[in-house]
Amino acid sequence: MPESRPLLIPRLATTAADATTDCDVLVVGIADDGDFCPSLQQIDAEGDAWITRLVQHGKTPKKYGEMLLLGAPAGVGPIMVLLVGSGAPDQIDRQHAFDSASRAIRKLGDRVHDSVVIALSELFDPADHDAIVAGAIFGCEGTGIYQAEPAIKLAKSVVFRGIEPAALDRGRTIGESINLTRRLVNEPPAVLYPESFAEQARGIANECGLEIEIWDEEKLAGEQCRSILAVGSGSDKPPRLVILRYNGGGDEKPIALVGKGVTFDSGGLSLKPSESMADMKCDMAGAATVLGVIRAIARLGVQRNVVGVCGLAENMVSGKSYKLGDVIETRSGKTIEILNTDAEGRVVLADTLDVTLQQQPQVIVDLATLTGACMVALGKEVAGLMTNNQTLCDAVQAAAMHEGEPVWQLPMFKLYDEKVKSKVADIKNVGEARWGGAITAAKFLENFVADTPWLHIDIAGPAFAESPEPQRDAGGTGVMVRSLVRWIESASFPAG
Ligand code: BES
Ligand code: MN
Ligand code: ZN
């Protein structure tokens, strides 16, 4: 098996806001009203008002996202300056902090710089300084993990000007955790399959002091996890279930995070066409997000209990595959009729959610690249929220909006319940035709959460990007890691 490049980031440090600007590249923001932040004033003064001259001639970036890389006047300070347009004052928020740092790192990644100083902190609220660090780390990771020559070349050192060491540590933890999720998504399916995903989880558990249980196919059979086994039955790679526990919250009931971990989704006998199958290594993004979030929570020492449960299977075609018309008795006892083997995520999650209930969680949040229908409804950038508990949904939505990760709620009207009723079994794994497909999938899942407050997040759109953007590479995006960390840190839960 080929081995990917290790998950690397530059050496990181912080300095005082008035430290020297000597470096290879100084990254500095410039507001659209022409006001100079202290670092910009400093280099302007040191270089004979050269920035002022650029502004006077209308040569500096104004809009949010515009950048200009300049050679600095000789003699003092930085060799080059990257001016980052910060747009109107009302655009300067937490998302912008993350984004502009990532854009800057990506822009500078075409060659190795010895030292990059990021002076963006002066534009942002100190509460958002960690997002600058996280964004810079995010910018270092990308999809070309098997290329001899890295597409984004890492600086040897990145120094954050005017950022407290605590914000550096926090941003580093969050940035690294997002990149872990992205890397797991980007690994090819021959490298990352249920067993090897579980071993990755074990490595993280050891690194962060988490408890871990890995259920192999025998244990899954003993635990009546027939729906996970059914989806995995067509594959030579046996399924797994991983339970991770972080105990930072004393006696409270845990927050449960549940992830769909289909390490490759061929569609099974309801085979996908090649174009739709090509990116289906991404179908374990939910499980990878669970790992990223629990790693961050443990590293940050958050005073809460969190249990992460990942249902892992490969959906393949063989003489042993599960079939259309099959009826599976799930672990919960509910029977499901299979009418499309490509609606496998909900089948894996049925048992995964039932195992999660046994952990007696106060709330359950599941993450899944569950439906193309959710992308039809909301587009590629927006995650869908479906819930049985509005308070829980509102809290996660608020955290996500604060982090700049767009999410939108879809309704769960009773009328949809009819659409997943089966003539043969209790429920069927597809709705009626393709209408409301994201919601009927959620309605199916709702059968396996009992009365526990539950939120389903369909990340089929935003978890994986087909093409690069200035602020991020193509491939795994690590969406919802930031938002869920914020929610868990801040949460006051609907149920005790
Ligand atoms: N993994 C797919 C959903 C998906 C599609 C994720 C595109 C990411 C990008 C899921 O297992 C699936 O195939 N869903 C089917 C459900 C249908 C058969 C009811 C779909 O969305 O077409
Ligand atoms: Mn599928
Ligand atoms: Zn799938």
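Being a predicted model, the structure only gives us computed values, none of them experimental.

Undergrad: Would you mind going over the coordination of the zinc ion (ligand 3) with me for this structure?
TA: Coordination angles at a metal have ideal targets, namely 109.5 degrees for four tetrahedral donors and 90 or 180 degrees for six octahedral donors. Every protein donor of the zinc ion (ligand 3) is listed here as Lys-260 (NZ), Asp-265 (OD), Asp-283 (OD) and Glu-344 (OE), and their distances to the metal cover 2.0 to 2.4 Å. Here the zinc ion (ligand 3) is ringed by 6 donor atoms whose angles at the metal span 79 to 176°, and the overall shape comes out octahedral. Spacing between the donor residues of the zinc ion (ligand 3) along their common chain follows K-x4-D-x17-D-x60-E. Distance-wise, the manganese ion (ligand 2) is placed 3.1 Å from the zinc ion (ligand 3), both being coordinated by Asp-265. Here Lys-260 is found in strand β9 (residues 255-265), whereas its partner Glu-344 is found in the loop between β12 (335-337) and α11 (345-357), with 84 residues between them in sequence. Comparing Lys-260 with Glu-344, the two get one shared label, buried.

Undergrad: Teacher, can you tell me more about unusual backbone geometry here?
TA: Across residues other than glycine, the phi torsion is negative in most instances, and most of the peptide bonds are trans. For Ala-49, which is not glycine, the phi dihedral falls at a positive 60°. By the element assignment, Ala-49 lies in the loop between α1 (38-46) and α2 (50-56). Using a relative accessible area of 34% as the deciding quantity, one classes Ala-49 as partly exposed. The backbone phi angle of Gln-360 is positive, close to 50°, even though this residue is not glycine. Positionally, Gln-360 belongs in the loop between α11 and β13 (363-368). Since its relative accessible area comes to 56%, Gln-360 is described here as exposed.

Undergrad: What is the right way to look at the pattern of salt bridges in this model?
TA: Oppositely charged side chains can pair when the atoms bearing their charge come close. By the definition in use, this model includes 35 salt bridges. Across the pair Asp-130 and Arg-94 runs a salt bridge, and its minimum N-O distance is 3.0 Å. Highlighted residues: Asp-130 in helix α4 (residues 129-139) and Arg-94 in helix α3 (residues 94-107), separated in sequence by 36 residues. A relative accessible area of 4% places Asp-130 in the buried class. Here Arg-202 ties to Glu-199 by a salt bridge, and the two come within 3.0 Å at their closest N and O atoms. Separated by 3 residues within a single helix, Arg-202 and Glu-199 lie in helix α6 (residues 194-208), roughly one turn from each other. Salt bridges here are not isolated pairs; linked through shared partners, they connect Arg-94, Asp-128, Asp-130, Arg-170, Glu-403, Arg-486 and Glu-489.

Undergrad: How should I be thinking about the environment of Lys-281 in this particular structure?
TA: Along the polypeptide, Lys-281 turns up in the loop between α9 (274-277) and α10 (285-300). Through-space distance from the C-alpha of Lys-281 to that of Thr-20 is 46 Å; in sequence the pair is 261 residues apart. Ignoring any residue separated from it by four or fewer positions in sequence, one finds Lys-281 in contact with Val-185, Asn-186, Glu-187, Pro-188, Pro-189, Thr-263, Phe-264 and Phe-464. Looking at Lys-281, its side chain comes within polar contact range of the main-chain oxygen of Asn-186, at 2.9 Å.

Undergrad: Where do I start with the environment of Ala-19 in this structure?
TA: Position of Ala-19 relative to the elements: it lies in the loop between β1 (11-15) and β2 (25-30). The sequence separation of Ala-19 and Asn-315 amounts to 296 residues, and the corresponding C-alpha distance is 55 Å. Among all residues touching Ala-19, those that are not within four sequence positions of it are Gln-42 and Arg-161.

Undergrad: I tried to follow empty space enclosed by the protein on my own but got confused; where do I start?
TA: The method is simple in principle: a probe with the dimensions of a water molecule rolls over the atoms, and the space it marks as empty is what remains. All told, the structure shown has 2 cavities of 30 Å³ or more when counted by the stated rule. Volume-wise, the largest cavity comes out at about 80 Å³. If you trace the largest cavity, you find 13 residues lining it, with Ile-105, Leu-108, Lys-153, Leu-154 and Ala-155 closest to the centre. Considered class by class, the residues forming the lining of the largest cavity number 9 nonpolar, 2 polar and 2 charged. Residue assignment for the lining of the second largest cavity shows that the elements contributing at least two residues are α4, α5 (165-186) and α15 (481-490). A total of 4 residues in the lining of the second largest cavity trace back to one element, the largest contributor, which is α15. Its residues placed into classes, the lining of the second largest cavity shows 4 nonpolar, no polar and 7 charged.

Undergrad: Mind showing me how you'd approach the sheet that holds β13 here?
TA: Through backbone hydrogen bonds, the strands of a sheet pair up, either in parallel or in antiparallel fashion. Taken together, the 8 strands give an open sheet; going across it, the order is β7-β8-β10-β9-β13-β17-β14-β15, and neighbouring strands pair in mixed fashion. Edge strands, defined here as strands with exactly one partner in the open sheet, are β7 (211-215) and β15 (407-409). Strand-to-strand twist in this sheet, taken as the mean axis angle between neighbours without regard to direction, amounts to 20°. In this sheet, strand β10 (residues 305-315) lies alongside β9 in parallel orientation, the contact comprising 10 bridges. Looking at β10, one finds that Val-262 is bridged to Ala-313. Against the sheet, helix α14 (residues 437-446) touches β13, β14 (383-387) and β17 (454-458), its axis set at about 145° to β17.

Cut-offs applied
Residues numbered from 1 in each chain as written. Chains lettered and ligands numbered in written order. Predicted model: local features only at pLDDT ≥ 70, side-chain atom pairs only at ≥ 80, totals over all residues. Heavy atoms only, no water. Donors = N, O, S within 2.8 Å, 3.2 Å for Na, K, Ca; no water. Tetrahedral: all angles 85-135°; square planar, octahedral: opposite > 155°, others 65-115°. Helix = DSSP H or I, 4+ residues; strand = E, 2+ residues; numbered from the N terminus. Buried < 20%, exposed > 50% of the residue type's maximum accessible area, 1.4 Å probe, protein only. Salt bridge = Lys/Arg side-chain N within 4 Å of Asp/Glu carboxyl O. Contact = heavy atoms within 4.5 Å. Polar contact = N/O pair within 3.5 Å; in protein donor to acceptor, adjacent residues only side chain to side chain. 1 Å grid on protein atoms, 1.4 Å probe; cavity = no way out; pocket = protein on both sides within 12 Å on 5 of 7 lines; lining within 4 Å. Points joined across faces, edges and corners; volume = space filled by probe spheres on them. Nonpolar A, V, L, I, M, F, W, Y, C, P; charged D, E, K, R; others polar. Pairing = 2+ DSSP bridges. Axes fitted to C-alpha atoms, helices over the stretch in contact; angles between N-to-C directions.

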